[in-house]
Amino acid sequence: MPMNIALLGYGTVARGVHRILEERVPDIHVARVFCLPQEVDSELKTSDFQELLDTPGLSALVEAMGGIEFPRQCILAALERGISVVTSNKAVVAAHFAELAAAAEKSGASLMIEATVGGGIPWIHNLERVARIDEVSSFSGILNGTTNFIISQMRRNGAEFGAVLAEAQRLGYAEADPSADIDGIDVWNKTIITASLAFGVDATHEIPAWGIRSVTKGDLEALDAKALTVKLMARGVREAGRYAACVTPVILRNSTMEANVPDNYNIASLTGETIGTLKFYGQGAGGDPTGNAVVQDLIELSQGYRPQYHLGSDVVWEPRLLTSDWLVRSSAPLRASDREVVPGYKAIRAVDPVEAHAIYQRLLADDPDTFMAAVPQDLI
Ligand code: HSE
């Protein structure tokens, strides 16, 4: 069915959406673009959000601005008027998922969020499909293209962290403020959304997270010498009415699929009762893949699809479900019981991710270059 939409923002993702629609989906027409005057030179643009909402025949809004409070107000205003919203903005969904879902539920409009997690990977929709039938007992994944690109290039080409980050920005993978990528905040947002859908909870703010800012070529070489590597990973688990989730660097065997995910690619896995383990692999960042995910949502919307979000289960937070060992390189003092396992690296044994995060923060205060990664299996 033909549909008129408006774009909010005109950065990498919105441009990808616009290009894909114009070239491949003639039934979905961009009627207005809300953006800064310098972002697009077109008669479609406006900087008056109310005027945009009044566009005759407007049936959906694509929100790809980034930020939290202003997009929240825009999304709520659109939903309240019965205008459906497709967003790629994980920060606003992670911070206000329950509120936005309730507004959509109340108005009968749809809130579509495929592009918030995993770029072009059809992760959200498949998670919803699995959760219709199965209890999801765990998920994990590499959910940030920028940091995967950085580690991948450092391993393959021996490149320096800063140079590869600049390249990731040039390629349109990194967030406007790349600290959101390298400090794990981007994955934290994606993990909140994933845990909320996987476990039926409002997971906002409970999930400890840190990133790979301090990983060095030396770390990657030391791990490689033991046929290991490190990736920034989201993990979540549910067991007997309890759940835990975290975002941390994770030590992996080089032989695993996750260890071999290249460049801006992501991999996302889940385990359900009857479906077993599913893995989804594809480009996790960039205007075309993420724009593609937005366009898929728009097409489903035009066909009448309406997701239902159930975030009110009584599953309770229990970080001990993700207790593991941790590998640490730091010049800050550790406990005498924390033994050196690889020259220059110590192991902290059997700590849950909330406690591990607190330890990491203490070590960082003394040594800002501290590196600390989970070792979920018996690898060191
Ligand atoms: N900065 C994000 C990433 C973009 O690198 O994965 C896609 O969410």
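Residues numbered from 1 in each chain as written. Predicted model: local features only at pLDDT ≥ 70, side-chain atom pairs only at ≥ 80, totals over all residues. Heavy atoms only, no water.

Caption draft 1: Fine view of helix α4 (residues 90-107). The end-to-end C-alpha separation of α4 is 22 Å, well short of the 26 Å expected for 18 residues at 1.5 Å each. H96 marks where α4 bends most, by close to 90 degrees. Buried-residue contacts for α4 involve β4 (58-63), α3 (69-80), β5 (84-87), β6 (111-112) and α9 (185-199). One or two positions beyond α4, positive phi appears at G108, with a value near 85 degrees. (Helix = DSSP H or I, 4+ residues; strand = E, 2+ residues; numbered from the N terminus. Expected span 1.5 Å × (residues − 1). Bend = angle between axes of the 7 residues up to and from the residue. Contact = heavy atoms within 4.5 Å.)

Caption draft 2: Inspection of the domain arrangement of the protein at higher detail. Domain boundaries assigned for the protein yield domain 1 (3-112) and domain 2 (123-375). Relative placement of domain 1 and domain 2: their C-alpha centres are 28 Å apart. Listed per partner, the contact involves 31 residues of domain 1 and 31 residues of domain 2. Of the roughly 2500 Å² buried between domain 1 and domain 2 on both sides combined, carbon and sulfur atoms contribute 73%. In terms of surface lost to domain 2, no three residues of domain 1 exceed K90, F97 and M112, which account for 27% of the buried area on that side. Linking domain 1 to domain 2 there are three salt bridges. In this structure, R19 and D288 form a salt bridge, with 2.6 Å as the shortest nitrogen-oxygen distance. Within the residue set of the side of domain 1 that touches domain 2, elements represented by two or more residues are β1 (3-8), α1 (12-24), β4, β5, α4 and β6. Examining the composition of the side of domain 1 that touches domain 2, we find that 10 residues originate from one element, α4, more than from any other. (Domains from an automatic or database assignment. Buried area = accessible area lost by both parts, 1.4 Å probe. Salt bridge = Lys/Arg side-chain N within 4 Å of Asp/Glu carboxyl O.)

Caption draft 3: Highlighting the sheet that holds β5. Across the sheet, six strands lie side by side as β3-β2-β1-β4-β5-β6; this open sheet has parallel pairing. In this open sheet, the two edge strands, each paired with only one partner strand, are β3 (45-46) and β6. Judged from the two bridges that link them, strand β2 (residues 28-34) and β3 form a sheet pairing that is parallel. If you follow V33 over to β3, its bridge partner there is K45. (Pairing = 2+ DSSP bridges.)

Caption draft 4: The site of the ligand, seen in detail. Every residue lining the ligand is accounted for by K90, N144, G145, T146, Y173, A174, E175, D181, D186, K190, G284 and A285. Between the ligand and the protein, one listed contact pairs an oxygen atom with a side-chain N or O atom of K90 at 2.7 Å. Y173 is positioned with one of its backbone polar atoms (N or O) 2.7 Å from a nitrogen atom of the ligand. Here the ligand loses 94% of its free accessible area of 260 Å² to cover by the protein chains. Of all elements in the fold, only α6 (145-157) and α9 reach the threshold of two or more residues within the shell around the ligand. Of the residues in the shell around the ligand, the class split is three nonpolar, four polar and five charged. (Near = heavy atom within 4 Å. Polar contact = N/O pair within 3.5 Å; in protein donor to acceptor, adjacent residues only side chain to side chain. Areas by Shrake-Rupley, 256 points an atom, 1.4 Å probe, with all protein chains shown as cover. Nonpolar A, V, L, I, M, F, W, Y, C, P; charged D, E, K, R; others polar.)

Caption draft 5: Molecular detail of the side chain of D367. Summarising the element assignment, D367 is placed in the loop between α12 (353-366) and β16 (371-375). The buried charged residue D367 lacks any salt bridge, with R329 as its nearest oppositely charged partner at 5.2 Å. Engagement of the side chain of D367 in a polar contact is seen with the backbone nitrogen of D369, the distance being 2.9 Å. Residues in contact with D367, not counting those within four places in the same chain, are S330, S331 and A332. (Buried < 20%, exposed > 50% of the residue type's maximum accessible area, 1.4 Å probe, protein only. Lys, Arg positive; Asp, Glu negative; His and termini not counted.)

Caption draft 6: How the structure looks around the nonpolar core. Counting 83 residues, the largest nonpolar core has L61 and W123 as the members making the most contacts within it. The dominant element in this core, judged by the number of residues it contributes, is α4, at eight residues. Inspection of this core shows a minimum of three residues originating in each of domain 1 (3-112) and domain 2 (123-375). Excluding its chain neighbours within four sequence positions, the residues that come into contact with L61 are A6, L8, F49, L52, C74, A78, I83, S84, V85 and V86. By size, the runner-up hydrophobic cluster in this structure holds 27 residues, among which are I5, V17, C35 and V294. (Core = buried A, V, L, I, M, F, W, Y, C linked by side-chain atoms within 4.5 Å.)

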